[in-house]
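One-letter residues, chain by chain:
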Amino acid sequence: MNIKNRYRIELNKISIYLSDLERGHTYELTKTLRTPSWATLAKYLKRTLPLCLTLSRMTSRE
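Report on the accompanying structure. Values in this document were obtained by computation on a predicted structure and should not be read as measured data.

Turning our attention to helix α1 (residues 3–23). When the terminal C-alpha atoms of α1 are compared, their 30 Å separation across 21 residues agrees well with the 30 Å that a helix rising 1.5 Å per residue should span. Every buried residue belonging to α1 is among Glu-10, Ile-14 and Asp-20, and all of these are buried. End-on, the buried residues of α1 take up no more than an arc of 115 degrees, which puts them together on one face. For α1, the exposed residues set more than 90 degrees away from the buried face come down to Lys-4, Arg-8, Glu-22 and Arg-23. Looking at where α1 begins, the residue whose side-chain oxygen comes 3.1 Å from the main-chain nitrogen of Lys-4 is Asn-2. Just beyond α1, the residue with positive phi is Gly-24, at close to 75 degrees.

See the structure below:
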């Protein structure tokens, strides 16, 4: 997979998780199985944002 596609995929995931937070679609509020908790969403964002920044630097060199 090339860098631009991976970057696009990661940004799309971030967008989905941010939308979940915005709509209050978290386990703490809905008590629905398979709904991510606030902690899970925060961990994902902490892990993914630096990756996107790294990928963005790599694509700017191309």
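Side chains of Leu-18, Leu-21, Leu-29 and Trp-38 sit close together on the surface and give an oily, nonpolar patch of about 390 Å² of accessible area. Positionally, Leu-21 belongs in helix α1. According to the relative accessible area criterion, Leu-21 is partly exposed, its value standing at 33%.

Calculation rules
Residues numbered from 1 in each chain as written. Predicted model: local features only at pLDDT ≥ 70, side-chain atom pairs only at ≥ 80, totals over all residues. Heavy atoms only, no water. Helix = DSSP H or I, 4+ residues; strand = E, 2+ residues; numbered from the N terminus. Expected span 1.5 Å × (residues − 1). Buried < 20%, exposed > 50% of the residue type's maximum accessible area, 1.4 Å probe, protein only. Arc of directions from axis to C-beta. Polar contact = N/O pair within 3.5 Å; in protein donor to acceptor, adjacent residues only side chain to side chain. Patch = residues over 30% accessible without salt bridge, like charges linked within 9 Å, V, L, I, M, F, W, Y side chains within 5 Å. Areas by Shrake-Rupley, 256 points an atom, 1.4 Å probe, with all protein chains shown as cover. Salt bridge = Lys/Arg side-chain N within 4 Å of Asp/Glu carboxyl O.

Nothing here speaks to function; it is geometry throughout.
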